[in-house]
Amino acid sequence: MEIGPASRADMLTHSRGLTARDAEVISYLARHRVLTALQLARLVFGSYSHARSRLAVLHERGVLARFRRDIWPGSQQWRYTLGPVGAVVHAAATGAALPRPATVTETVLRLAHSTHTEHRLGINDFFANLAGHTRDHPECALHEWWPENEIAETCAGIVRPDAYGEYTAADGTLAFFYEHDTGTEPIATLVEKVGKYTELADAGIRKPVLFQLPSTSREHNFHIGLAQRWPHKTPVPVATLPTDQLAPPNHRITPATPSIVDELWLPAGHGRRRSLATLMSRRTQQLEDDRDSHLRSA
């Protein structure tokens, strides 16, 4: 783990000369906690080499902190988060109380050693990949990306999605909840999550739920569980993506195909995979919005 300057004098010195792009990096990390260089390249820089170079500078100035675990063989990508300078700059910009250097160090330590950090990175990777895709496809856009803590407030404790997103392509806009499964929970737990989303729909918020699962076999078992619980149709739209069908990771800004936007998504109750853009047509989205409006006025 590497954390930069900590004194108030150092913070003032090293906060000078930050660019608008640096501010964007700080904002993303304040909201989503931890990101890799490649994820930030897709979200902000548009170039992996440029991202690595600038992030190294920001780390040296204490704007960012970074950590990684020893793995064998090879090495893990650096995980970036806010350092003492970045945390103070963000707090000052948003009117929050300025954090003490020791508090920032404690936060970085907790991230570096938390078992939840890799899960969080998996969630962030999904949305960073979407952002990377939109760079070469101007007809596409990632309009919204809410982290777990923000969308949980909207859901009023009924369910706690891993994230919420709104993605536009030529076929329309898909507003969705996202669940990133790592394979550690029983299938029954995943099915029960869909039950919670049903309760949320009954309360007036009905959106498709996208599950990314680690393997095709786990996806198959999940669909069996859904069919056993709801033999005719799931009460909310559900679609799944198996990670083992994606192209191997690389350092390109636009993810290699097949990627998360391609015809890898399997809607519950269907036998044909669909692309992300076609999971929700304009007509279907309008029907969902009309139903939400009717429920709220009832």
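Up top is the structure.
Residues numbered from 1 in each chain as written. Predicted model: local features only at pLDDT ≥ 70, side-chain atom pairs only at ≥ 80, totals over all residues. Heavy atoms only, no water.

Participant: Provide a residue-level description of helix α3 (residues 37-45), including the pertinent values.
Facilitator: Along an α-helix, a turn takes 3.6 residues, which lines up residues three or four apart on a common side. Within α3, 9 of the 9 residues are buried, which leaves it mostly tucked inside the rest of the structure. Structurally, α3 contributes buried residues whose contacts are with α2 (20-32), β1 (35-36), α4 (48-60), β3 (79-82), α7 (117-135) and β4 (141-147). Directly beyond the C-terminal end of α3, a positive phi value near 80 degrees is found at G46. (Buried < 20%, exposed > 50% of the residue type's maximum accessible area, 1.4 Å probe, protein only. Helix = DSSP H or I, 4+ residues; strand = E, 2+ residues; numbered from the N terminus. Contact = heavy atoms within 4.5 Å.)

Participant: An account of the packing of aromatic side chains is needed here, citing residue identities and associated values.
Facilitator: Counting across every chain of the model gives 12 aromatic pairs. Ring centres of F126 and F176 lie 6.2 Å apart, and the angle between their planes is 80 degrees; on these two criteria the pair is classed as edge-to-face. Of this pair, F126 sits in helix α7 while F176 sits in strand β6 (residues 172-180), and the two are 50 residues apart along the sequence. Take F126: its relative accessible area is 2%, and that puts it in the buried class. Pairing F211 with F222 gives two aromatic rings, centres 4.8 Å apart and planes at 55 degrees, and the pair type is tilted. Pair noted here: F211 is in strand β7 (residues 209-213) and F222 is in helix α10 (residues 216-229), with a separation of 11 residues, a long-range link. By relative accessible area, F222 is classed as buried at 0%. Sitting over the ring of W78, R66 keeps its end group 4.1 Å from the ring centre. Between the NZ or CZ atom of R68 and the centre of the ring of W78, over which it lies, the distance is 4.1 Å. (Phe/Tyr/Trp six-rings, centres within 6.5 Å; stacked < 30°, edge-to-face > 60°. Lys NZ or Arg CZ within 6 Å of the ring centre and 35° of its normal.)

Participant: An account of the pairing of β7 is needed here, citing residue identities and associated values.
Facilitator: Burial within β7 is extensive, with 5 of its 5 residues counted as buried. Of the two faces of β7, the one carrying V209, F211 and L213 and the one carrying L210 and Q212 are both buried. With helix α9 (residues 187-202) bridging β6 and the parallel β7, this β-α-β connection has right-handed handedness. Judged from the 5 bridges that link them, β7 and strand β8 (residues 238-242) form a sheet pairing that is parallel. Of the residues in β8, the one forming a bridge with V209 is V238. (Right-handed = clockwise from strand over helix to strand, strands pointing away. Pairing = 2+ DSSP bridges.)

Participant: Which residues make up the environment of R218, and what are the values?
Facilitator: With respect to the helices, strands and loops of the structure, R218 is situated in helix α10. In this structure the C-alpha to C-alpha distance between R218 and I187, which are 31 residues apart in sequence, comes to 8.1 Å. Setting aside chain neighbours within four positions, we find R218 in contact with D181, G183, T184, E185, P186, I187, L190 and L213.

Participant: Before we move on, can you summarise the environment of Y197 with the specific residues and values?
Facilitator: With respect to the helices, strands and loops of the structure, Y197 is situated in helix α9. For Y197, a relative accessible area of 2% gives the class buried. Along the sequence, Y197 and P161 sit 36 residues apart, while their C-alpha atoms lie 9.0 Å from each other. Sequence-distant contacts of Y197, that is, excluding residues within four places in its chain, are made with V159, P161, F177, E179, V209 and V236.

Participant: So, the sheet that holds β6: which residues are in play, and what are the values?
Facilitator: The 6 strands are arranged β4-β5-β6-β7-β8-β9 in an open sheet whose pairing can be described as mixed. In this open sheet, the two edge strands, each paired with only one partner strand, are β4 and β9 (266-267). The sheet contact formed by β4 and strand β5 (residues 163-169) spans 6 bridges and is antiparallel. Looking at the pairing, P147 lines up with A163 of β5.

Participant: Got a sec to walk through the nonpolar core? Specific residues and values, please.
Facilitator: The biggest cluster of nonpolar side chains holds 56 residues, and the ones touching the most others in it are L64, F127, L130, F176, L210 and L276. Counting residues in hydrophobic clusters, the runner-up holds 21 residues, among them V159, V191, L226 and V238. (Core = buried A, V, L, I, M, F, W, Y, C linked by side-chain atoms within 4.5 Å.)

Participant: Account for the side chain of R206, naming residues and giving values.
Facilitator: As for its position among the elements, R206 is in the loop between α9 and β7. Within the local environment of R206, its side chain forms a polar contact with the backbone oxygen of P235, the two atoms lying 3.0 Å apart. (Polar contact = N/O pair within 3.5 Å; in protein donor to acceptor, adjacent residues only side chain to side chain.)

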